[in-house]
Every structure is written in C-alpha cells, then in structure tokens.
Amino acid sequence: MLEEFGIKKQIIELSKEVELEIKDELLKVDLICQNNSLKVLKAFNKNKVSDIHFNSTTGYGYNDIGRDTIEKVYADIFEAEDALVRSQFISGSHALTVALFAFLRPGDVLLSITGKPYDTLDEVIGIEENASSLKSFGIKYEQIDLIDNEFDINAICNRLKKSKVKLIEIQRSKGYSTRKSITIEQLKDVIVEIRKVDKDVIIMIDNCYCEFVDIIEPTQVGADIAVGSLIKNLGGGIAPNGAYIVGKKNLVSLAAERLTVPGEGKEVGPSLGMNKSLLQGLFLAPSVVASSLKTAIFTSCLLEKLGYKVEPKFNSQRADIVQNIEFGNSSDLIKYCQGIQAGSPIDSFAIPEPWDMPGYTDKVIMAAGAFTQGSSIELSCDGPIRAPFIAYQQGSLTYEYGKLAVMRAVSLLIK
Ligand SMILES: *Cc1c(COP(=O)(O)O)cnc(C)c1O
C-alpha cells in the first residue's frame, strides 16, 4: 500500500530505522503534551466551560459569555491577567499590528532584540515604506541582532540606559531566517537582565509557532504580553481564523480598544458561531502541537540520513514547530515541496511552482494542502528560491499523516 502511494521501498526501510532512533525524543514530546493537556483541562474546569458557551452572538456582540469565557481560559493557561481572543483578528500579523499600534505613541521607541522581525511586519513598522506604518505616526524603530543565536545582553542594557525605550519586541520563532528559535530559558534570562535596567519597558513576545512546544509560556517568565495566531498552534487545526493577545490587563485593554472602539474595547465583538471551534481547537492543541513536533523530529532525522543539512537536529531542544531542511539546490527544494503537496489531504493533485509573491524579493514555493486556507498547524512547507535553498516545514494534524507525506516527498528525491 505504501508503494502504491508513491513511497519507495528504500524509504520504507530507512523510516523504520528513523523511528527506532527517535523513540526517546518522541517520548519527551508525549510528556510535554501530557503537561499541557493538564493545563488546558484545569483551565476548562476552573472556568466551568459548558455547552451554553458554544452559543454565540451577532451584531455588536454584547454579553457574549462564550467569548468572555474563552478569554478567561486563555488567560489561565498563560497565567496572565487577561486575554483578547477574537476572530476579528485576520491573522497573527494583524494581532501584532493591533498590539503595536495600541501600545506605542508618537515619539516612542520600538526596539526589536531578535534582529529584524517577521517579513509581514516590515510595512507595519516602516522598515519598508508604507503611508500607514508606525513610522508614519512618528514611532521610531531600532533593532539589536542576536549574536550566535544568543541575546546581545550588553548592547540591550546599554541601549536601555541611554534613553527611554517604550516597547521591546522579541520574536521567538525564526521566521524565514537561519537563526535558531528562542527557548523559554533564553527568554527568562534576558527578561531578568532587562528588568535590572528598566522596570516598565513593555516586553512583547511574538509567540507564533511556539505555544505548547514547552510547558511554560512567556507570560510565566515575566513577559508583559504574548501574541499568536489561531491558525497555528493554539487553534489546534479547528479554529478557522483569529488570533490572541494575552498578558497584563491594562495592555490587553489597550489592544481591545484599538481592535474595536475606544470606550467599547472587550465589550463588543460578536463571536459569530465560532466559540465551539475555538474551545475544541484549544482542547486539541497540546496533542496537535505534539503531532507537529513528532513530524518535525521524524523529518529531521530522515533528511539528515539522506545527507541534507537540517536545523534543528532530531535530538536538539525545540522552541517552535518549524523544521528547516537545507537542500543546497533549487531542484530538490521544489521536488520536496511538490511531494508534500502530493501527500496532503486537500489539493493533492495541484503541483506547486515557485512564484513571485508580494513582499518577497525571491520567488517562493509553497506547499499547503490544508483544510483551512493558509493554516500552518496543518502540514505545510515553503521556501524562497535562493541559496542555500532552505525549506521551512511545519505542522501536521497527526503524526501518522505527517510521516506519510514526508516519506512520499523524500521518495521524489532519491534516484
Ligand atoms: C506566522 C508568523 C507570524 C504571523 O503571521 P500570519 O501569517 O499573519 O499569521 C508572525 N511572526 C512569526 C514568527 C510567524 O511565524
């Protein structure tokens, strides 16, 4: 059956070896999943989640007890004061944008300490010109790069001592870069150093792709606010869109007043029938994130055995669900992405090609055979067509489906 599906015999054999080799790593993932499942279940129980919360509102969305309960559940999971979890957020980038515009005022300084932020924020910040950017409102942007994947603590502290910085942005996941992602330990350490110099600078975390990869979230190690997308980890593959902002009550309130209307804030925003999906997605999220991690570990070990450079290695500590594979040539990168598409449940018959995309200088190939458009907690794989030809793979709703697609994709690579 596997061979009929396009998986070569050699890959079936090699995959058996891989599964033996990664056994201990998968057990570690199970333990994290167990921990996070307990966290979710406790939050559901504490907030007395009930089927009345599946009902929803329309129009202004006053008194939406389902929506309000979801936000309490999120706050508890993050051990935070408050949360804003809304389908009115189009994407993670939208939530990050709302947060930045909510917290920053003309003349303020925004400082990124993980190098240049995610590509979609270029025009938001004004790194790329845009008439609606933060820059156009007189908000200044500065950045400090990582050094060998570590925070440049000296540069950060010196900058904070020099003059007032309003907000520090820390992006945990690597995005389309080759750096490593930021672990909770690294985050905890840098926050301790920052607080020695500045007690009030807002520490905001782009937490995309990192939720439930560890058993501790950024708000539990001193971050003021964390932001992420619901078509990634916490939506569990069920949420059809949306994003969250969680953290200090006053900041969540500012974000709500920016998303909706000053004076109305969290009181408005209809859930439009999505409450059950958000709750069910969150309930499944620990397990879906675990499946994504297992698929990444399997991929890393298998591709390394086939001679490709991978990051992270199968047995490295992970901070997000993204797996990089360095193909070294465009042809293998393209074939691999086409194989992932062919092994997906939706649009398996489509053959992705490298294409010009808005916001990117190089052509980009994207494989995404997902139930939800653009969902990357579902198995997806993409990469810019430029040396060293890296594929960024993430997601998989189950480990079994992830493995099948990866085995099928590598079958296209071997002679
Ligand atoms: C996905 C992602 C975002 C937000 O992207 P959207 O596609 O707008 O949800 C932001 N930062 C990082 C690091 C991401 O991975």
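For the structure itself, look to the data block above.
Note that this is a predicted model, so its numbers are computed, not measured.

Conventions and cut-offs
Every residue gets a number counted from 1 within its own chain, in the order that chain's sequence is written. The model is predicted, so local features are restricted to residues of pLDDT at least 70 and side-chain atom pairs to those at 80 or more, both for listing and for counting; the totals for chains, interfaces and linings are taken over all residues. Side-chain descriptors were evaluated using all non-hydrogen atoms of the structure, hydrogens and water having been removed beforehand. Only protein atoms enter the 1 Å grid used here, on which a cavity is any set of points holding a 1.4 Å probe that cannot leave and a pocket is any open set flanked by protein within 12 Å on both sides along at least five of seven lines; residues with an atom within 4 Å of a point are listed as lining. Grid points are joined across faces, edges and corners, and a volume is the space filled by probe spheres set on the points. Each helix is a run of DSSP H or I of at least 4 residues and each strand a run of E of at least 2, with the numbering of both proceeding from the N terminus. Residues are grouped as follows: Ala, Val, Leu, Ile, Met, Phe, Trp, Tyr, Cys and Pro are nonpolar; Asp, Glu, Lys and Arg are charged; every other residue, Gly included, is polar. Pairing between two strands requires that DSSP report at least two bridges joining them. What counts as an axis is a line fitted to C-alpha atoms, over the stretch in contact for a helix, and the angles between N-to-C directions run from 0 to 180 degrees. For the purposes of this description, domain bounds are those given by an automatic or database domain assignment. Residues grouped as a nonpolar core are buried Ala, Val, Leu, Ile, Met, Phe, Trp, Tyr and Cys residues, joined through side-chain atoms within 4.5 Å. Think of it in three bands: residues with accessible area under 20% of the maximum for their type are buried, residues over 50% are exposed, and the middle band is partly exposed, with areas taken using a 1.4 Å probe on protein chains only. Contact criterion: two residues are considered in contact whenever any of their non-hydrogen atoms come within 4.5 Å of each other.

Draft legend 1. Fine view of empty space enclosed by the protein. This structure, assessed with the given rule, holds one cavity of 30 Å³ or more. Sorting the residues of the lining of the largest cavity by element identifies α3 (65-77), β1 (82-86) and α9 (275-305) as the ones contributing at least two each. Within the lining of the largest cavity, the residues separate by chemical class into five nonpolar, five polar and two charged.

Draft legend 2. View of the sheet that holds strand β6 (residues 225-229). Read across the sheet, seven strands follow the order β1-β7-β6-β5-β4-β2-β3 without closing on themselves; strand pairing throughout is mixed. The open sheet is flanked by β1 and β3 (140-143), the only strands paired with a single partner. The average angle at which neighbouring strand axes cross in this sheet is 20 degrees, direction not considered. Of the strand pairs in this sheet, β6 and strand β7 (residues 243-247) are connected by five bridges, and their pairing is antiparallel. Its bridge partner lying in β7, Ala226 is registered against Val246.

Draft legend 3. Spotlight on the layout of surface pockets. One number sums up the size of the largest pocket: a volume of about 1400 Å³. Considering the residues around the largest pocket, the lining is formed by 50 residues, among which Tyr118, Asp119, Thr120, Tyr176 and Tyr360 are closest to the centre. Every element with two or more residues in the lining of the largest pocket is listed here: α4 (92-103), α5 (122-125), β10 (364-368), β11 (380-384) and β12 (390-394). Per element, the largest residue contribution to the lining of the largest pocket is five residues, and it comes from α4. Tallied by class, residues from the lining of the largest pocket come to 18 nonpolar, 20 polar and twelve charged. Residues lining the lining of the largest pocket come from more than one domain, with at least three contributed by each of domain 1 (9-37 + 285-413) and domain 2 (39-281).

Draft legend 4. A look at the nonpolar core. Core analysis: the largest hydrophobic core is formed by 97 residues, its most contacted members being Tyr74, Leu303, Phe327 and Tyr336. At 13 residues, the largest contribution of residues to this core is made by α9. Residue assignment places this core across two domains, with domain 1 (9-37 + 285-413) and domain 2 (39-281) each supplying three or more. Beyond its immediate chain neighbours, meaning those up to four positions away, Tyr336 contacts Thr299, Leu303, Ile325, Phe327, Cys381, Gln393, Val406, Ala409, Val410 and Leu413.

Honestly, it's all geometry; don't read function into it.
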